[in-house]
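# Topology and contacts: notes
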Amino acid sequence: MTTHPHPDEITAKRLAGLSPAPKPPHHGDAGHGDGTLIDTPGIRPPLVLNNRTFGEVTDIICGYAENKPPRWWHPMAAITGLMATMMGAFILYLVITGIGTWGLNNQVDWAWDITNFVFWIGIGHAGTLISAILCLLKQKWRTAVNRSAEAMTIFAVICAATFPGIHVGRQWMAWMLFPIPNANAIWPNFRSPLLWDVFAVSTYGTVSFLFWFMGMVPDLATLRDRADKRLRANPDGGALLLPFIPVRIDAIRAKVYGFLAVGWRFSSRHWHRYEAAYLVLAGISTPLVLSVHSIVSTDFATSILPGWHTTIFPPYFVAGAIFGGFAMVLLLLIPARELYPNMKDFVTTRHLENMAKILLLTGMMVGFAYSMEFFIAWYGGNEYELYCFQNRAFGPYWWAYWTMISCNVISPQLFWFKKLRTTPMVIFIISVFVTIGMWFERFVIIVTSLHRAFLPGEWGMFHPTAVDICIFVGSLGLFTHLFLLFLRFLPVFPIAEIKAVMPQASPHHHDDHQGGH
Amino acid sequence: MPRATGKVYVTEKGEAIHGILAEFATPAALYHAAEHVRDAGYSKWDTFTPFPIHGMEDAMGVKRTKLPVAVALMAFAGAGLAFLMQHWMAGVDYPLMHQGKPYSSWQAFVPITFELGVLFAAFTSLIGMLALNGLPRWHHPLFKKERFLASSDDRFFVCIEACDGKFDPDATRALLEKAGATSIELVEE
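The notes below deal with the structure included here. (Residues numbered from 1 in each chain as written. Chains lettered and ligands numbered in written order. Predicted model: local features only at pLDDT ≥ 70, side-chain atom pairs only at ≥ 80, totals over all residues. Heavy atoms only, no water.)

### A short note on the interface of chain B and chain A
- At the junction of the two partners, chain B supplies 76 residues and chain A supplies 66 residues.
- Carbon and sulfur atoms supply 67% of the area that chain B and chain A bury against each other, a total of about 6,300 Å² over both sides.
- Here chain B and chain A share one salt bridge between them.
- The salt bridge partner of Asp46(B) is Arg269(A), with a shortest N-O separation of 3.9 Å.
- If you look at where chain B meets chain A, you find 29 residue pairs in polar contact (both at pLDDT 80 or more).
- Contributions of two or more residues to the side of chain B that touches chain A are made by helix 1 (27–39), strand 2 (45–48), helix 2 (56–60), helix 3 (67–93) and helix 4 (106–132) of chain B.
- Of the residues forming the side of chain B that touches chain A, the biggest block, 17 residues, is contributed by helix 4 of chain B.
- Its residues assigned to classes, the side of chain B that touches chain A shows 47 nonpolar, 15 polar and 14 charged. (Contact = heavy atoms within 4.5 Å. Buried area = accessible area lost by both parts, 1.4 Å probe. Salt bridge = Lys/Arg side-chain N within 4 Å of Asp/Glu carboxyl O. Polar contact = N/O pair within 3.5 Å; in protein donor to acceptor, adjacent residues only side chain to side chain. Helix = DSSP H or I, 4+ residues; strand = E, 2+ residues; numbered from the N terminus. Nonpolar A, V, L, I, M, F, W, Y, C, P; charged D, E, K, R; others polar.)

Have a look at this one:
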C-alpha cells in the first residue's frame, strides 16, 4: 500500500531515541485534527491526538501530579476549601440548634435537604455509567474520561450522603439507620424504601470507590516508579517538602504511591486477572447504577402523595441522573482541558461531542417523562393528581417548573446542530443550564408536591433560610475542592487504559490498520 | 523457591539468582517472544507490560482465571445472607407491625438483598484479584532493577525465573536473544 518502513521498526527506533517522530500516515485525514467524527465509516478518528508515544502519554499525565500546580490552583483550592468549611460550620450549627433552622414547616417537611441529596446522588451516576456500562459496550472513548468521572462520582456521593445524615433531626442517632444491635433491641424497618436507600447509597459509594481504586492501582504504580527513578538518579537532591525540613517530596511520593499501588508490577499474569476482575466489576456495577436511583425514586413513589405516587419514577429518575451527571462531567472537564497543558490530546472534541449526544438523548428522555406525568395526571382521572400538576406549572412555583423545562428539555435541543455540539463553550453553557435544571427538577418534585397536598387548610410555602443556602453552597465547594485535590495528586487519566487503546498497542499493529485485519 | 532439579544458580558475588530479564521495544516484539518462550516449555516466567496487551494470555499460554466463579459464589452468598438477615430481624427476632405489611414480606426485601449481593461481589473481585496475584507485595527482586521500572512507562519485559525446571543460564539467554530482546540481564534474588 505504501513504501513506509514497518511501523514496529519506526516505533522501536523512535522509542530508542534513534529517529524523530514520524509523520502520521493517515491521521491527518481522520477527522479534522481535533478528533471529531467524520462521515466516512471505516475511518476512525484517533482517541489520542498528536501521535503521542507511550512515553509522552506517561510524562504528560504523571506531570499533572508531579509538576507545580497551575497558578489558579491555590486560590481556587482556598476558596472552595473555605466554602467546604462553611458547610461544616453550618452543619455544626444545625446539629446544635436543630433542623428548625431550615425553612421546613409543617406542610413542607422535606425541601432542600432531600433536593440536594437527590441532586448529588444523581450526578454521581455518570461516573459509573461511563466506567461500567460504556466498558461493557466496548466504547473505547470512555478511557479519556472514566477516571475523572469516577472521582466525581465518589465526591458527589460524599456530598449526597451528608444530607440524609443531617436531616434526621437527631444526627447523633444516625447510626441507627444501620442494623446494629441497640438498647431497644429493635431493628430498622426493612420494608421501608428509606432503609433501602441507606443500603443502596452506601453500597454504591463503596463499589464506586473500589472500582476507582482498582482502576488507579497500575497508574499509582507508574507514579511510584517515576518517583523511585528520580530518587535513584539523584539520591541527595530533589525538591524538599518544606524548606529546612530534610524530607524530599519524591521520597514521600515513592512511599505513598507505592503503598497505594500494593506492589503492582505490571505482570501479564496479573493483568489477565485484573482485566477479568475489572469486567466483573463493570458487569455488577451496571445493574447497581440502575438500581440506586430507582431505589431513591421509591422514597417518593411508594408514598400516596399526588405527584409522587407514580410508577414512571424509577426509569425517569435514572435517565435524569445520567443527564445531570454527564452535564457535571462536562462542567469539570471543559475548563480542565483549557487550563491544563496537553489535556486536549486526551479529551478530544469527539469526547465532548459524544457526551453532548448523551445529554441530548437523556434530555429527551426526561422531557418524555415530564409530558407522560402530565398525560397520566389527566388520563388517570384523579383530581388530586391533576391538581398537583396544574399547580406545578401554573401555581405559585410556576417559575421553578418553567426553569426546569427550559433548562432540561429545551436547552439540550441545540445539540442537534453539529456546530454547536462540537463547540466547547456552547457545551459548557448548556451543561450549566442542565445542572441548574436538574436541581430544580428535584425541587419541583419534592416541594410542589408537598406544599399543597390533600388538605387545603394545611397548604403553605417553603422559604429557604441562610442555613439551607449555606449548606448547599458549601456542598458545591466541598465537591469542587475534592476534585481539585484529585487533579493535583492522583492520575487524572487512566494511563494504562489510554495506552491500550492507542494504535501501536496492538501486537499486530501494522501500517494498513485502516484496511481491516 | 526450590528448583525441580535441585540446582541453585548464584552470581559471581554469590547472590542467588531470581531470573533473567529481557527487554523488548514494542508490544509486537514481546508478543512473539512470549510465543517462543511458551513453545520452549517454560512454566515459571512472566511478561511485564505497561498496559494489558490484547491476546497476551494466549501467547503465554495462561489459563483463564477462575475469579468470576468466586465472585458469583460470593454474590449469591451475600444476597442469601442479606435475605436471611432481613427475614430474621423483621420476622423472627422482633416482629413489628409496619404499614400493614406482613412481618416477613419477601417483596420488600428484594432491594437490600440485591444491594448486598453486589457489595459482596465487588469486594470479592478486588480482593480476589489481588489475592490470586499474590498482592499486596511491596518488595520484589525485579524492583531492584532500575531498567525494569520502565515497564510502567513504555518498555516490555520477559522474565524467566531461575526456579523453572528448564532454566539454564546460557540456553535461556540464547532463547531470549533469538527472540529479539534489546537487552538482557540477570536479576538477583
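### Some words on the environment of Ser371(A)
- Among the secondary structure elements, Ser371(A) is positioned in helix 10 (residues 349–379).
- Remark: the alpha-carbon pair of Ser371(A) and Asp109(A), spanning 262 residues in sequence, is separated by 27 Å.

### Focus on unusual backbone geometry
- Residue Pro136(B) is bonded to the preceding Leu135(B) through a cis peptide linkage, with omega at -5°.
- You can see Pro136(B) is positioned in the loop between helix 4 and strand 3 (156–161).
- Of note, Ala185(A) is a non-glycine position whose phi angle comes to about 60°, a positive value.
- Mapping Ala185(A) onto the fold places it in the loop between helix 5 (146–166) and helix 6 (193–233).
- Residue classification places Ala185(A) among the partly exposed residues on the basis of a relative accessible area of 42%.
- Its identity as a non-glycine residue notwithstanding, Val262(A) has a phi of 45°, on the positive side. (Buried < 20%, exposed > 50% of the residue type's maximum accessible area, 1.4 Å probe, protein only.)

### A word on helix 3 of chain B
- An ideal rise of 1.5 Å per residue puts 39 Å on 27 residues; helix 3 of chain B measures up with 36 Å between its terminal C-alpha atoms.
- Check the buried side of helix 3 of chain B and you find it contacts helix 8 (268–301) of chain A together with helix 4 of chain B. (Expected span 1.5 Å × (residues − 1).)

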